[in-house]
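Listed here are the chains, written in short residue letters.
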Amino acid sequence: MGTDLNAPLGQNRKTRSSKAKKSGLTFGRLSLGVCALALIGVSLWTVLEPTGLILPPEPQIVADAAQPGDKAATEPDSTKLKQQKTSGGLSGAHVEETLTDNGSIVTKFSPKQRDGDGPAFIEVGRTKGQDPRLATFPNDDLLEDSPEGRLPVTGPEGLRPMDQYARPWSGARGVRIAIVVGGLGLSQTGTQNALRQLSPDVTMAFAATGNSLQRWMQEARRTGHEILLQVPFEPFDYPENNPGPHTLRVGLDAKKNLSELHTSLAQITNYTGIMNFLGGRFLSDADALEPVMRDIGRRGLLFLDDATSAQTLTGTLAETIGVPHGFADMVVDDQIDRKAILKRLDELERIARRNGGAIGVASAFDESVAAISQWMDEASTRGIEFVGVSALVKDPQQQ
């Protein structure tokens, strides 16, 4: 409706004023309606949402948590973390070992109360092998202090060094070969050459009488090798043929031999087991050998016999006591000649294909290292899996 131009000026003003009042009233009513609907919507959302309105944390809370003197924001979380302890798979079991009259060990497991309050979280990570990023560091739970130094020992939850430091493998049912190269640490150049040329699948055996063993051990573990420790044992022609200091001898009593063994064991860490260095006479004497084998088994180590002595009793005693053990199928470098070594390695492959697995041992001679490196490159294309020696020993816990 338009304005009457012929009407008096005062009358037109009154008409415009009346219309403005009506328009403002209508707009005000409309605004109140919109606000009311908005409030009803927010109220309904707040009631229906279980958590209600979630507001972002105030910046001051974060700043307070960073203050070392204010414990109010940090204590609840730390308390919860302390209550939620991590536990091993055997933390709720009591393990009792009994030595029978025939020398075998009977293990009995019975339940026990877990220590501490709150839930126990059981780690189900790897039990074989070690995180490669930590391979140069020992697991402190698998070491004990002694007068001779830090010695390997089975952990409180039953974890053994032979499991912790083993080189992981596929677990497939195929042809497996373990190559063990010993004498490392005796020659600096020979050790360096072996570590540079040989595949990480080769097990390295360090002589306890060697030099710079800790350095070489760390280098071997850093590059992925499983390692053994070669302990000197008395040969038949001792002392003309002397393996070196701390040799275990038949003429010594058990206490002295164990002390000599522990001195060797303390030279390095991160090894899965023991390999003999010579020792034909000692390994054939049951009275001298038995306490040594028992100590090795108690510490969760394996024993590898290089099979150079026909009279050795390591297999018989290890079977009776329950020590993980193995025998080398062949010394591949009994002749220090490249062609002869390659021929012996081919023979080792035939044994592995017949039996499913084989262990070959060698020394860190330049000819041996070169031949083994060449042969492994070729043999890996024939479907052979090269494994650490721990994968091929006879383990009573896996039977």
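What counts, and at which threshold
- Residues numbered from 1 in each chain as written.
- Predicted model: local features only at pLDDT ≥ 70, side-chain atom pairs only at ≥ 80, totals over all residues.
- Heavy atoms only, no water.
- Core = buried A, V, L, I, M, F, W, Y, C linked by side-chain atoms within 4.5 Å.
- Buried < 20%, exposed > 50% of the residue type's maximum accessible area, 1.4 Å probe, protein only.
- Contact = heavy atoms within 4.5 Å.
- Helix = DSSP H or I, 4+ residues; strand = E, 2+ residues; numbered from the N terminus.
- Expected span 1.5 Å × (residues − 1).
- pLDDT = per-residue confidence, 0-100.
- Phe/Tyr/Trp six-rings, centres within 6.5 Å; stacked < 30°, edge-to-face > 60°.
- Lys NZ or Arg CZ within 6 Å of the ring centre and 35° of its normal.

A. Quick look at the nonpolar core. Ranked by internal contacts, the top residues of the largest apolar core, which has 60 residues, are Ile 179, Met 204, Phe 206, Ile 274, Phe 282 and Leu 345. Once residues lying within four places of it in the same chain are set aside, the contact partners of Phe 206 are Leu 184, Gly 185, Leu 213, Trp 216, Met 217, Ala 220, Ile 227, Leu 228, Leu 229, Gln 230 and Ile 268. Met 162, Val 180, Leu 304 and Val 361 belong to the second-largest nonpolar core, a separate cluster that totals 16 residues.

B. A look at helix α12 (residues 366-379). End to end, α12 covers 20 Å across 14 residues, agreeing with the expected 20 Å (1.5 Å per residue, within 8%). For α12, every residue scored as buried is listed here: Ser 368, Val 369, Ala 370, Ala 371, Ile 372, Ser 373, Trp 375, Met 376 and Ala 379. On its buried face, α12 sits against β7 (175-184), α5 (188-197), α11 (338-355), β14 (357-363) and β15 (384-386).

C. Local environment of the confidence of the model for the chain. On average, residues of the chain score 81 in pLDDT, and 68% of them are at 70 or above. Here residues 1-28 scores under 50 on pLDDT; set against residues more than four positions off or in separate chains, the count is 4 contacts. pLDDT under 50 marks residues 120-126. Its contacts with residues more than four places away, or in other chains, come to 15 contacts.

D. Fine view of the packing of aromatic side chains. As enumerated under the stated definition, the model contains 3 aromatic pairs in all. An angle of 40° between the planes, with centres 5.4 Å apart, marks the rings of Phe 233 and Phe 282 as tilted. Residue Phe 233 is located in strand β9 (residues 227-233), and its partner Phe 282 is located in helix α8 (residues 280-283); the two are separated by 49 residues in the primary sequence. Taking the centre distance of 5.9 Å and the plane angle of 80° together, the rings of Trp 375 and Phe 386 count as edge-to-face. Pair noted here: Trp 375 is in helix α12 and Phe 386 is in strand β15, with a separation of 11 residues, a long-range link. Look at Phe 386 and you get buried, because its relative accessible area is 9%. Here the aromatic residues Phe 233, Phe 282 and Phe 303 are joined through ring pairs into a cluster of three or more. Here the guanidinium or amino end of Arg 215 rests over the ring plane of Trp 216, the centre of that ring lying 4.0 Å away.

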